[in-house]
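Single-letter residue listing:
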Amino acid sequence: MEYADCIKIKKELSKRDSGSYVDSYGSIQKAVEYVNEHYTESLTREEVCKVAMMSKTAFTNLFKQVTGESLVEYIHILRVSLAKQLLCENKMNITEVGERCGFDSTTYFGRVFKKKTGMTPKQYKAANDKK
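What counts and what doesn't
Position labels on residues start from 1 in each chain and follow its written sequence. In view of the model being predicted, local features appear only for residues whose pLDDT reaches at least 70, and side-chain atom pairs are presented and counted only at 80 or more, with totals across whole chains, interfaces and linings using the full set of residues. Side-chain calculation: all heavy atoms of the structure are included, whereas hydrogens and water are not. For our purposes a nonpolar core is just a set of buried Ala, Val, Leu, Ile, Met, Phe, Trp, Tyr and Cys residues, chained together by side-chain atoms within 4.5 Å. Remark: exposure states derive from per-residue accessible area (1.4 Å probe, protein chains only) relative to the maximum for the residue type, with buried under 20%, exposed over 50%, and partly exposed in between. Put simply, DSSP marks the helices as runs of H or I at least four residues long and the strands as runs of E at least two long, and each gets a number from the N terminus on. Any two residues whose heavy atoms approach within 4.5 Å are treated as being in contact. Axis lines are fitted through C-alpha atoms, for helices just across the contact stretch, and the angle between N-to-C directions can take any value from 0 to 180 degrees. We call two directions roughly parallel when the angle between them is under 35 degrees, roughly antiparallel when it is over 145, roughly perpendicular when it lies between 65 and 115, and oblique otherwise. The residue classification treats Ala, Val, Leu, Ile, Met, Phe, Trp, Tyr, Cys and Pro as nonpolar and Asp, Glu, Lys and Arg as charged. All others, Gly included, are polar. Salt-bridge detection follows one rule: a side-chain nitrogen of Lys or Arg within 4 Å of a carboxyl oxygen of Asp or Glu. Computed over the protein atoms alone on a 1 Å grid, cavities are sets of points where a 1.4 Å probe fits but cannot get out and pockets are open sets with protein on both sides within 12 Å along at least five of seven lines; a residue lines them when it has an atom within 4 Å of a point. Grid points are joined across faces, edges and corners, and a volume is the space filled by probe spheres set on the points. Counted as a polar contact is a pair of N or O atoms within 3.5 Å, where, for protein atoms, one must be capable of donating a hydrogen and the other of accepting one, and residues adjacent in sequence contribute only when both atoms are in side chains.

> Got a sec to walk through the nonpolar core? Specific residues and values, please.
Looking at soluble globular proteins, one finds that nonpolar side chains tend to be buried together. Of all hydrophobic cores here, the largest spans 33 residues; its most connected members are Ile 28, Val 35, Phe 59 and Val 97. If you list the elements that add at least two residues to this core, you get α2 (20-38), α3 (45-52), α4 (56-67), α5 (71-89) and α7 (106-117). Ranked by residues supplied to this core, first place goes to α5 with nine residues. Setting aside its immediate chain neighbours within four residues, Phe 59 contacts Ile 28, Ala 31, Arg 45, Val 48, Cys 49, Ala 52, Met 54 and Leu 71.

> Lay out the packing of α5 against α7 with the relevant residues and their values.
For the pair α5 and α7, interaxial distance at closest approach is 10 Å and the crossing angle is 95 degrees. In terms of orientation, α5 and α7 fall into the roughly perpendicular class. The segment α5 lies against α7, with Glu 73, His 76, Ile 77, Val 80, Ala 83, Lys 84 and Leu 87 engaging Tyr 108, Phe 109, Val 112, Phe 113, Lys 115, Lys 116 and Thr 117. Considered class by class, the residues forming the contact of α5 with α7 number eight nonpolar, two polar and four charged.

> Hey, could you go over the pattern of salt bridges for me, with residue numbers and the actual values?
By the definition in use, this model includes three salt bridges. In this structure, Glu 46 engages Lys 56 in a salt bridge whose closest nitrogen and oxygen atoms are separated by 3.0 Å. Here the residue Glu 46 occupies a position in helix α3, and Lys 56 occupies one in helix α4, the gap between them amounting to 10 residues. Exposure remark for Glu 46: the relative accessible area of 35% places this residue in the partly exposed category. Where salt bridges share partners, they join Glu 73, Lys 115 and Lys 116 into one cluster.

> So, the layout of surface pockets: which residues are in play, and what are the values?
Within this model, the largest pocket holds a volume of roughly 210 Å³. By residue number, the principal contributor to the lining of the largest pocket is α5, which donates five residues. Taken together, the residues of the lining of the largest pocket break down into six nonpolar, four polar and four charged.

> Lay out the environment of Thr 67 with the relevant residues and their values.
Inspection of the secondary structure assignment puts Thr 67 in helix α4. Thr 67 sits in the buried class, given a relative accessible area of 5%. Sequence spacing of Thr 67 and Gln 29 is 38 residues, and the spatial spacing of their C-alpha atoms is 9.8 Å. Polar side-chain contacts of Thr 67 include one of 2.8 Å to the backbone oxygen of Phe 63.

Okay, here's the thing in structure tokens:
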């Protein structure tokens with residue numbers, strides 16, 4: 001989910017409640033902006049909760065409600081999107097791409113990539129090398 005999609009949800013939520021929920025949305029908005037800027041780094045839920053100034057439980061529930069994804073899934077979406085771009089550029093090997101996108105392990109990178117795209121990074125790279 002992109003930041004623009006979060007803005008649409010914010011407008012819908014503000015129609016329903018003009019109180020603390022909208023204030024909490026602002027906290028989620030800050031968290032989304034932070035994640036969008038730092039997703040290639042090692043991020044923890046605790047770190048992002050501090051940015052949002054929310055408890056872990058409140059943050060986890062509201063983040064999922066606003067973005068439609070858990071924090072981990074949201075980060076994976078961003079990382080895989082970047083990985084697809086880097087694999088198409090054909091300047092880095094798969095291990096380098098995984099590291100550049102914030103994955104600590106090539107195996108984990110491959111597992112997440114395949115879950116999101118239906119292909120391994122190697123298959124994706126090969127398919128795009130032919131184009």
